[in-house]
Amino acid sequence: MQQLKGLGTSTSKSSRHLAVKVQNVVLQPRASTVPPSTSSSSIVNSWTEWQPLKEIIVGRCEMSCMMKTEPAFKAKLKEGHALSSSFGRRAAEAIEDGERELAEFINVLEGKFGVVCRRPEVIDWNMPIKTPDFEVPNGNTSSMPRDVLLTVGNEIVEATMSLRGRFFEYRCYRSLLNEYFERDPDFKWTSAPKPSMNDSMYRSDYLTSSMDRTELVSKRIYCTNETEPIWDAADIMRFGKDMFVLNSFTTNRKGYEWLKRHFNQRGLRVHFVDFPDDLAPMHIDTNFVPLNGNTIMLNPKRPPRPWLMRLLQENGWKTIVGTSNGLPVHPLSHCSEWLSCNVLSIDEKHVAVEAQETKMHELLSKNGFEPVLVPLRSIAQFGGAFHCCTADVRREGDLKSYFP
Ligand code: ARG
């Protein structure tokens with residue numbers, strides 16, 4: 001009997017497979033001694049950003065590219081930004097540095113915390129991304145799974161995405177998701193409707209608008225419009241029964257509406273948020289960062305609107321103000337110094353944080369956390385830090401409300 005590729009990668013897994021016939025390949029039936037799968041023994045199960053981490057996808061840098069500037073990307077870049085003129089394969093050295101750091105991060109997660117780390121497939125992004133609606137010269141990266149995959153309980157939803165260069169980014173995670181689908185009978189695998197990403201979805205006059213950026217953003221006018229629903233998975237923060245969705249360059253109101261309908265039907269509450277002081281809003285995970293079930297870290301330069309502060313306070317959340325050493329950001333990164341806040345909670349106490357961000361170490365220690373120092377700076381040029389370069393698969397614990 002032949003096994004499907006990607007199966008039986010670790011001990012005793014094959015005995016847990018359902019008997020399924022895929023393309024004439026029969027998988028091993030579930031052994032009778034193995035108890036039927038319940039939510040607590042499922043592979044995919046993660047409701048929050050902080051419950052004890054058991055399995056995670058860690059991105060990879062190989063074959064990454066710089067995207068050519070396109071409508072929704074240009075607006076994120078500052079004037080004269082190095083990325084706005086270059087595209088194509090990233091430098092071999094950058095890829096090596098990124099991979100070395102990710103390997104070290106994996107060592108810590110696996111070695112110190114026993115977390116299972118899985119990697120996406122190596123895909124060469126240096127090829128044209130072409131659909132009936134657009135064409136761009138190359139794709140992006142497999143290093144930022146958080147942007148693409150949204151795990152909520154037993155479900156992983158592939159985001160619509162919003163940048164053309166990222167249209168097919170889900171492809172590097174497909175073999176992994178297919179494996180989970182085969183191994184975990186409770187895994188719910190969803191793909192959100194792909195937008196056309198044709199010209200009508202972007203405001204071509206955004207950068208030349210007579211309104212300044214502060215006014216545009218405070219009125220929630222972004223470079224993407226409301227033609228079709230769009231959302232990136234990193235615009236969402238998960239708090240058990242509640243989920244917060246950032247309206248940004250990469251997630252529009254229709255995208256929020258799609259998420260709301262989808263997750264309301266699963267009994268969750270979905271909140272719409274924005275941070276008017278973030279002048280290039282793209283991904284929530286440097287602004288609104290829950291560290292455990294009662295403490296959230298906020299960005300000092302991008303505070304929440306008053307209603308959101310009240311909601312946190314009324315529900316007993318302790319808010320701490322994030323900090324940064326202001327280390328220089330790589331010229332080929334579209335991120336800010338606030339990647340310092342892009343930490344990953346391994347459990348309610350341990351938080352993975354950049355080794356050089358000493359102010360953040362102090363802040364976390366002062367508030368009862370144990371910072372786990374890992375060097376992870378070169379990954380910034382690929383688009384993020386600890387939270388961005390990972391995507392949850394399993395965290396221990398059930399669905400709870402943290403906003404009673
Ligand atoms: N917009 C953020 C900043 O530069 C970067 C967020 C990156 N997050 C991610 N999931 N890729 O401040």
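Quick note: structure is the one above.
Here is a short report on the structure shown in this document.

Cut-offs applied
Residues numbered from 1 in each chain as written. Predicted model: local features only at pLDDT ≥ 70, side-chain atom pairs only at ≥ 80, totals over all residues. Heavy atoms only, no water. Helix = DSSP H or I, 4+ residues; strand = E, 2+ residues; numbered from the N terminus. Buried < 20%, exposed > 50% of the residue type's maximum accessible area, 1.4 Å probe, protein only. Areas by Shrake-Rupley, 256 points an atom, 1.4 Å probe, with all protein chains shown as cover. Pairing = 2+ DSSP bridges. Phe/Tyr/Trp six-rings, centres within 6.5 Å; stacked < 30°, edge-to-face > 60°. Salt bridge = Lys/Arg side-chain N within 4 Å of Asp/Glu carboxyl O. Core = buried A, V, L, I, M, F, W, Y, C linked by side-chain atoms within 4.5 Å. Contact = heavy atoms within 4.5 Å. Near = heavy atom within 4 Å. Polar contact = N/O pair within 3.5 Å; in protein donor to acceptor, adjacent residues only side chain to side chain. Nonpolar A, V, L, I, M, F, W, Y, C, P; charged D, E, K, R; others polar. Arc of directions from axis to C-beta. Axes fitted to C-alpha atoms, helices over the stretch in contact; angles between N-to-C directions.

What follows covers the overall build of the protein chain. Secondary structure assignment for the protein chain yields 8 helices and 21 strands. By residue count, 57% of the 404 residues in the protein chain fall in the buried class. On the protein chain, roughly 16,400 Å² of surface is accessible, and the fraction owed to carbon and sulfur atoms is 51%.

We now examine the sheet that holds strand β19 (residues 350–354). If you walk across this open sheet you meet the 3 strands as β18-β19-β20, and the pairing is mixed. This sheet does not close on itself; its edge strands, each paired only once, are β18 (344–345) and β20 (370–374). Pairing analysis gives 5 bridges linking β19 to β20, with the strands arranged parallel. In the sheet register, histidine 350 faces β20, and the bridge partner there is glutamate 370.

By the definition in use, this model includes 22 aromatic pairs. When the ring of tyrosine 222 is compared with that of phenylalanine 249, the centres are 5.9 Å apart and the planes differ by 70°; the resulting orientation is edge-to-face. Here phenylalanine 249 lies in the loop between β13 (242–246) and α6 (253–264) and tyrosine 222 lies in the loop between α5 (213–218) and β12 (236–239), a separation of 27 residues in the sequence. Given the relative accessible area of 3%, tyrosine 222 is considered buried. Centre to centre, the rings of phenylalanine 244 and phenylalanine 403 are 5.4 Å apart; their planes meet at 55°, and the pair counts as tilted. Taken together, the residues span a long stretch of sequence, with phenylalanine 244 in strand β13 and phenylalanine 403 in the segment after β21 (390–395) at a distance of 159 residues. By the burial criterion, phenylalanine 244 is buried, and phenylalanine 403 matches it.

On to the pattern of salt bridges. The full count for this structure, using the stated rule, is 26 salt bridges. Arginine 119 is the partner of glutamate 99 in a salt bridge, and the nearest nitrogen-oxygen pair spans 3.4 Å. With a gap of 20 residues between them, glutamate 99 in helix α2 (residues 92–113) and arginine 119 in the loop between β6 (116–118) and β7 (129–130) connect regions that are remote in the sequence. Arginine 166 serves as the salt-bridge partner of aspartate 147, at 2.9 Å between the closest nitrogen and oxygen.

Most often, soluble globular proteins keep nonpolar side chains buried together rather than apart. By size, the foremost hydrophobic cluster in this structure holds 62 residues, and its most contacted members are Leu149, Leu150, Tyr180, Tyr206, Trp231, Leu259 and Phe263. Here this core gets 4 residues from one element, more than from any other, and that element is α6. When sequence neighbours within four positions are dropped, the list of residues in contact with tyrosine 206 reads Ala75, Arg213, Leu216, Val217, Ile221, Tyr222, Cys223 and Phe249. Of all hydrophobic cores here, the second largest spans 29 residues; its members include Ile95, Val108, Leu109 and Phe382.

This part is about the site of the ligand. Taken together, Lys76, Asp147, Ala234, Met282, His283, Asp285, Thr286, Arg302, Cys335, Ser336, Gly383 and Cys388 make up the full set of residues adjacent to the ligand. A distance of 2.8 Å separates a nitrogen atom of the ligand from a polar atom in the backbone of methionine 282. Along the lines of polarity and charge, the residues of the shell around the ligand split into 4 nonpolar, 4 polar and 4 charged.

Turning our eyes to something else, we now look at helix α8 (residues 358–366). Taken together, the buried positions of α8 are Met360, His361, Leu363 and Leu364. Projection of α8 onto a plane perpendicular to its axis shows the buried side chains occupying an angular sector of 165°, all on one side. For α8, exposure combined with an orientation more than 90 degrees from the buried face picks out Glu362 and Lys366. Its buried side turned inward, α8 meets β16 (295–298), β17 (318–321), β19 and β20. Of the residues one or two after α8, glycine 368 is the one with positive phi, at around 90°.

Attention shifts here to the pairing of β13. Counting buried residues in β13 gives 5 out of 5 residues, a clear majority hidden from the surface. Neither face of β13 is exposed, since Asp242, Phe244 and Leu246 on one face and Met243 and Val245 on the opposite face are all buried. Pairing between β12 and β13: 4 bridges, direction antiparallel. The residue bridging methionine 237 from the neighbouring strand is phenylalanine 244, located in β13. Between the antiparallel neighbours β12 and β13 lie 2 residues, among them glycine 240 with a positive phi of about 65°.

This part is about the sheet that holds strand β3 (residues 53–58). Backbone hydrogen bonds are what pair the strands of a sheet, in a parallel or an antiparallel way. Strand order across the open sheet formed by 3 strands is β6-β3-β21, with mixed pairing between neighbours. The two strands at the open ends of the sheet, each matched to only one other strand, are β6 and β21. The sheet shows a mean angle of 20° between the axes of neighbouring strands, taken without regard to direction. Where β3 meets β6, 3 bridges bridge the pair, whose relative direction is parallel. Along β6, the bridge assignment pairs isoleucine 56 with cysteine 117. Together, β3, β6 and β21 form the strand contacts of α2, whose direction differs from that of β3 by roughly 170°. Running at roughly 130° to β6, helix α4 (residues 174–183) makes contact with β3, β6 and β21 of the sheet.

For tryptophan 307, the location among the structural elements is in helix α7 (residues 306–314). On the basis of relative accessible area, tryptophan 307 is assigned to the partly exposed category, the value being 35%. The spatial distance from the C-alpha of tryptophan 307 to the C-alpha of valine 273 is 9.8 Å, given a sequence separation of 34 residues.

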